[in-house]
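One-letter residues, chain by chain:
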Amino acid sequence: MSKGDIVLELALQGGGAHGAFTWGVLDRLLDERRLTYAAISGASAGALNAVIMAEGLLSNGRPGAQQALLSFWKRVSCAAHAYDAFSRPFQALFFAGAYWPWTGQWLAGPWLAAWSRVAEEVTSKFSPYEVNPLNINPLLGLLTDSVDFERLRQCAELQLFISATHVRTGRLKVFRNRELSAKTIMASACLPQVFQAVEIDGEAYWDGGYSGNPALLPLIEESEPADLLIVQLNPPVRRDHPRTAAAIAGRLNEINFNASLIRELRGVALLKQALEREPATTRLEHTLFDHLRALRLHRIAADEANVSPIAETRLDPEWAFLSRLHGLGVKAADAWLSRHGRDLGQRSTLNLDGI
């Protein structure tokens with residue numbers, strides 16, 4: 001790290017195919033040579049973006065990270081048109097319900113929405129333990145091929161915090177560098193209606209979005225105070241209330257997957273307000289309080305005009321759609337940097353009073 005560099009921490013939210021928006025944000029941030037990355041927290045699709053970015057950074061710096069992310073999302077798109085469920089694994093993860101096992105074909109285009117409704121009906125009546133008794137999770141192969149987890153486990157310069165939900169207690173479980181493996185990322189992205197829970201050390205885990213989307217406090221407490229940028233896929237606000245069944249279900253999904261992030265941000269806001277009343281010279285026992293006092297918070301959020309609340313858009317694998325989301329992410333990051341780039345290293349730009 002050279003003099004004048006800005007140390008940035010990232011918190012990446014999950015959201016299926018909408019994770020391509022985060023790819024666009026990261027792609028634009030990686031163009032900024034003054035930015036260095038100390039820690040990344042991610043859940044579900046955010047966890048996938050996190051480990052792919054980390055793998056690329058360790059392999060070949062910023063260009064390596066950009067190429068790794070591009071290759072990853074291209075494989076997501078290719079999965080939509082593959083006929084072999086095992087060679088194109090992300091189809092089953094992001095676009096569950098598009099594979100018709102009796103014919104060995106993927107459904108796309110206008111068929112996808114209709115099949116999604118059928119799949120929703122099936123998954124409401126049958127568990128993955130019934131429809132997938134062999135517990136086939138094609139994500140395992142892709143992660144094993146794409147990421148050197150041994151290198152990530154030994155990495156000291158970039159901290160990773162991957163969220164999963166502990167099935168037995170419902171509590172947040174955060175996997176750190178030393179615990180990372182393909183299975184921990186699978187746990188973070190395990191949709192319980194689609195895949196059997198991922199078992200690690202005898203404990204079962206589901207998608208991290210239910211309990212930490214993404215987790216902030218471990219990131220704040222265990223890394224040095226810096227600028228923390230949240231990339232939020234679920235729009236914080238929608239001005240129009242939904243009226244159709246699909247729009248209502250989609251908005252409920254957004255609210256549920258924003259809930260843990262909002263809770264943490266409100267907790268951070270209350271603690272920062274309390275700490276501001278203390279003299280700057282006050283010595284605090286817990287490092288978390290020192291880190292919170294120095295923390296500068298920022299957010300880039302998907303715009304409600306560009307991200308539909310309809311659940312099917314999270315299942316859209318077409319390259320044109322993913323590329324559009326990537327472009328929107330690039331545009332959002334570029335606009336944010338133009339507006340707030342000079343604030344990095346100086347002050348927070350996220351107004352916690354409105355959370």
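The structure contained in this document is the topic of the report that follows. Here the structure is a predicted model, which means the values were calculated and not measured. (Residues numbered from 1 in each chain as written. Predicted model: local features only at pLDDT ≥ 70, side-chain atom pairs only at ≥ 80, totals over all residues. Heavy atoms only, no water.)

## A closer look at the overall build of the chain
For the chain, the helix and strand inventory stands at 12 helices and 10 strands. Residue burial in the chain is summarised as follows: out of 355 residues, 52% are buried. For the chain, the proportion of contacts with a sequence separation of at least 24, taken over those separated by at least 6, is 75%. As displayed, the chain has an accessible area near 16,600 Å², and 53% of this comes from carbon and sulfur atoms. (Helix = DSSP H or I, 4+ residues; strand = E, 2+ residues; numbered from the N terminus. Buried < 20%, exposed > 50% of the residue type's maximum accessible area, 1.4 Å probe, protein only. Contact = heavy atoms within 4.5 Å. Areas by Shrake-Rupley, 256 points an atom, 1.4 Å probe, with all protein chains shown as cover.)

## Some remarks on the pairing of strand β8 (residues 203–207)
Pairing of strand β5 (residues 159–166) with β8, which is carried by three bridges, proceeds in the antiparallel orientation. Paired with H166 across the bridge in β8 is Y205. Bridging between strand β7 (residues 198–200) and β8 involves three bridges; their strand directions are antiparallel. What sits directly across from V198, in β8, is Y205. A loop of two residues connects β7 with β8, the two strands running antiparallel in sequence, and D201 in this loop sits at a positive phi of about 55 degrees. (Pairing = 2+ DSSP bridges.)

## Describing helix α1 (residues 19–29)
Burial within α1 is extensive, with 11 of its 11 residues counted as buried. Along α1, the residues that are buried comprise G19, A20, F21, T22, W23, G24, V25, L26, D27, R28 and L29.

## A closer look at helix α6 (residues 139–146)
For α6, the full list of buried residues reads L139, L142 and L143. Here the buried residues of α6 occupy an arc of 95 degrees about the axis, which is enough to place them on one side. (Arc of directions from axis to C-beta.)

## Brief notes about a nonpolar patch on the surface
Together, I248, L252 and I255 make up an exposed nonpolar region whose accessible area comes to about 260 Å². Positionally, I255 belongs in helix α10 (residues 245–276). A residue is classified by how much of its surface remains accessible, and I255, at 42% relative accessible area, is partly exposed. (Patch = residues over 30% accessible without salt bridge, like charges linked within 9 Å, V, L, I, M, F, W, Y side chains within 5 Å. Salt bridge = Lys/Arg side-chain N within 4 Å of Asp/Glu carboxyl O.)

## A look at the nonpolar core
The biggest cluster of nonpolar side chains holds 64 residues, and the ones touching the most others in it are L10, L29, Y37 and M53. Looking at which element gives the most residues to this core, the answer is helix α2 (residues 45–79), with 13 residues. Dropping the residues within four chain positions of it, L29 is found in contact with L8, L10, L35, Y37, L229 and L337. Listed in part, the 22 residues of the second largest apolar core include L219, I230, L284 and L292. (Core = buried A, V, L, I, M, F, W, Y, C linked by side-chain atoms within 4.5 Å.)

## Describing the pairing of strand β6 (residues 172–176)
As judged from the five bridges shared by β5 and β6, these two strands associate in the antiparallel manner. For S163, the partnering residue across the bridge sits in β6 and is V174. Between the antiparallel neighbours β5 and β6 lie five residues, among them G170 with a positive phi of about 75 degrees.

## Notes on the packing of α10 against helix α11 (residues 287–294)
What describes two packed helices is the angle between their axes and the distance between those same axes. Contact pair α10 / α11: the axes reach a minimum separation of 9 Å and the direction vectors enclose 90 degrees. The orientation of α10 with respect to α11, classified from their angle, is roughly perpendicular. Touching V268, L271, K272 and L275 of α10 are F289, L292 and R293, all from α11. (Axes fitted to C-alpha atoms, helices over the stretch in contact; angles between N-to-C directions. Parallel < 35°, antiparallel > 145°, perpendicular 65-115°, else oblique.)

## Details of the side chain of H166
One can find H166 in strand β5. The buried category is assigned to H166, whose relative accessible area is 10%. Within the local environment of H166, its side chain forms a polar contact with the side chain of T169, the two groups lying 2.8 Å apart. When neighbours within four sequence positions are excluded, H166 is seen to be in contact with R171, E203, A204 and Y205. (Polar contact = N/O pair within 3.5 Å; in protein donor to acceptor, adjacent residues only side chain to side chain.)

## Digging into the packing of α1 against helix α12 (residues 319–340)
Interhelical geometry of α1 versus α12 gives an angle of 45 degrees and a closest axis separation of 6 Å. It follows from the interaxial angle that α1 and α12 lie oblique. For the crossing formed where α1 meets α12, the hand is right-handed. On the side of α1, the interface is formed by A20, F21, W23, G24, V25, D27, R28 and L29, while α12 contributes W319, L322, L325, H326, L328, G329, V330, A332, A333, D334 and L337. By residue class, the composition of the contact of α1 with α12 is 13 nonpolar, three polar and three charged. (Left-handed = near helix turned anticlockwise from the far one by under 90°. Nonpolar A, V, L, I, M, F, W, Y, C, P; charged D, E, K, R; others polar.)

## Remarks on unusual backbone geometry
In the segment running from N213 into P214, the intervening peptide bond is cis, with an omega of -5 degrees. Its location among the elements puts P214 in the loop between β8 and α9 (217–222). Phi at S44 is positive, roughly 55 degrees, even though this residue is not glycine. Topologically, S44 is positioned in the loop between β2 (35–43) and α2. The phi angle at D201 is positive, at roughly 55 degrees, despite the residue not being glycine.

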